[in-house]
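What follows is the residue order along each chain.
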Amino acid sequence: MAFIFVNAFKSGLDARRSRITAQQGSLSVGKNIHINRGGEVEKRKAFVPFATLPSGQTKGLWATKNGIYVFGSAASLSVPAPIRYQRLTSPSGSTLLEVLSVDTYNGAPYVVAKFTDGGVHHFYNGARVTDWDTIAPNISDIDTLGQSISALVSTDPVVDATYDATANRITITASANNTPFTISALVTNVAGGEANSAVMSVIQYSTASLPQIATVDLVGGYNPSFDANESWEIIINNTPYRVTPSASGIGTSARTFRGKVYATVQGTLYFSDVNNPTRWTTTFTNSAGKKEDTFAGFESLSAQTGGAESLVTTAPYQGFLAVFARRSTQIWQVVAGDPSDNLPKQILDNVGSIAPRSAINFGEMDVFFLSDTGVRSLRARDSSNAAVVFDVGTAVDPLVIEQMNALTEPEVARACGVVEPREGRYMLALGDKVFVYSFFPASSISAWTTYEPGFAVEDWAVYGNQLLCRSGDDVYIYGGVIGNVYDNSLAEVELSWLSADRPGNKKKFKGIDIGCEGSWTISYSTDPTTDSYAKAGSVELSNFNLPNFRIGASGTHIGLKFTSNDSKPARISSAVVHFDYTETPS
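Here's a quick rundown of the structure.

A few words on the sheet that holds strand β8 (residues 83-87). In space, the three strands of this open sheet follow the order β6-β7-β8, with mixed pairing throughout. Both edges of this open sheet fall to β6 (59-64) and β8, since each of them pairs with a single strand only. Taken pair by pair, the neighbouring strands of this sheet meet at an average axis angle of 30°, ignoring direction. Two elements, β6 and strand β7 (residues 67-72), share four bridges in a ladder whose sense is antiparallel.

Let us look at the pattern of salt bridges. Where side chains of opposite charge bring their charged atoms close, a pairing between them can arise. A complete count under the given rule lists 22 salt bridges for this structure. Here Asp133 ties to Arg128 by a salt bridge, and the two come within 2.8 Å at their closest N and O atoms. For the salt bridge of Asp397 with Arg376, the shortest nitrogen-to-oxygen distance reads 2.6 Å. Placement of Asp397 in helix α3 (residues 397-405) and of Arg376 in strand β32 (residues 374-380) is noted, with a sequence separation of 21 residues between them. This pair shows no difference in class: Asp397 is buried, exactly as Arg376 is. Among the charged side chains, a salt-bridge network with shared partners connects Arg19, Lys31, Glu492, Glu494 and Lys561.

What follows covers unusual backbone geometry. A cis geometry characterises the amide bond from Ala81 onward to Pro82, with omega recorded as 5°. Looking at the secondary structure, you find Pro82 in the loop between β7 and β8. For Arg258, which is not glycine, the phi dihedral falls at a positive 50°. Relative to the helices and strands, Arg258 resides in the loop between β20 (254-257) and β21 (260-265). Positioned with a positive phi, Ala500 is a non-glycine residue whose angle comes to about 60°. Following the sequence through the fold, Ala500 ends up in the loop between β41 (491-495) and β42 (507-525).

Our next topic: the side chain of Ser26. Considering the arrangement of structural elements, one finds Ser26 in the loop between β1 (2-6) and β2 (27-31). On the basis of relative accessibility, which here comes to 1%, the residue Ser26 falls in the buried class. Side-chain polar atoms of Ser26 contact the backbone oxygen of Gln23, separated by 2.6 Å. Beyond its immediate sequence surroundings of up to four residues, Ser26 is in contact with Ser11, Gly12, Asp14, Glu494, Leu495 and Ser496.

In this section: helix α2 (residues 142-153). The terminal C-alpha atoms of α2 lie 16 Å apart, and with twelve residues this matches the ideal 16 Å at 1.5 Å per residue to within 8%. Among all positions in α2, only Ile142, Thr144, Leu145, Gly146, Ser148, Ile149, Ser150, Leu152 and Val153 are buried.

Conventions adopted
Residues numbered from 1 in each chain as written. Predicted model: local features only at pLDDT ≥ 70, side-chain atom pairs only at ≥ 80, totals over all residues. Heavy atoms only, no water. Pairing = 2+ DSSP bridges. Helix = DSSP H or I, 4+ residues; strand = E, 2+ residues; numbered from the N terminus. Axes fitted to C-alpha atoms, helices over the stretch in contact; angles between N-to-C directions. Salt bridge = Lys/Arg side-chain N within 4 Å of Asp/Glu carboxyl O. Buried < 20%, exposed > 50% of the residue type's maximum accessible area, 1.4 Å probe, protein only. Polar contact = N/O pair within 3.5 Å; in protein donor to acceptor, adjacent residues only side chain to side chain. Contact = heavy atoms within 4.5 Å. Expected span 1.5 Å × (residues − 1).

This is how it looks when you write it as structure tokens:
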């Protein structure tokens, strides 16, 4: 009797090819599992409830060596221990809407936050960084406002928006024919500023063959002393999209690197003074009343390329700083001291990031990030440290793109990555799925799988060796406090179709053996044209010294499916299919 022996699953998921042609041992489904250091399938741990926060009162989740933080605008708020509440106060008194970016500087959170009045502000350890009040009005103008609000409106799934700087006009087009939308626009002027207005016109109504088109003209002027804090608003189908001119000139992502904080603003990279994350101006007045120079400043990255793409985020790379736009990436040498020593080192066209919080350092060599084409990484080409873009996610990119297509653009932009601290896996939360990368080079393991925790992960935080995540007002801890808790979520594994390397020969499949620990149900199919499986049996330990699971089925291929929903650890190390040829092998 012949047999097929699958003794490793180190390839993980492979969505590049059909199941019938994929490599033996690769997975077509790998849900709620990962690949361990030995190349075995292993059930994931539980996402254990850790805390429930006051309903709708807080945003974000972050951890430093000093504790776990959430953020809000209420004057005082009681949150469950050991979580700490940090208040972020807008000058207008408006409510915190979203935490755009967080990093740690000298043990305290540095936060970029957006508020309901459209304002964006920076905070260090809860105190607003007021230097941006000086910087932002001088960066902002009608054009940056138009670009910002157009980009914001474009996140609505039913419309797309573009800005014409020549006419100061935003054109809003329905994403599909015969899909009308309601629209209005308004400006809340500030005393002493220009009498600005937003003039809206519908220039084409929706029909079966034409999309609806509307325009909003930005009418008036711009006085930085007053108009920076105006509120401009476009309302699509009762959903408001609100921006202040000053917000369009404030960095929306922040990263600590070599004693400074770096922030992306439109096409410009701003940086704080060294050892002072609250000082962003190039001069300041000291206690003696004299002006001093600082090491703060900015670099115009749009001047390095032919385009004027807005920057998305930054990440340390091989001692340099990688700066991502959506479709380009620049590598910069940045210094802690005199910024005149900053130098552009490399420009990578046609690849960038669409999700600021997806850009994560992985190991000593790579930066992982989510692009329009899937998960990519920056990696050194050779000893020169010149970067190349590596398609690390190629095996799951079809699944990643499928998930992105099922989400809205803002949901994709909120994708967030983290490196799990106990075993070093990269996890990318994208909607209600988590794409998990297990990389153990000494064992030649490079494998993607997925987790489905039953909720959408909105934020990650690493506190010591604990991984926490947030969804809505609930905080979870992966694996529990000591990392050994499992649940009864369904772990599911489907192998690529097996043919004993003879796909043209018919076979009589007779039995299945499995090397495993924990509870697994085994199913099989010999028809690659359907997803219908027959149950072979259930097992809690390897059955190699026991009778195999008898089956009686014929075909050229066999597919195996393993499921487990026990709240205990479970893993699969190998599988054997016994068969006879029903015709002489060629």
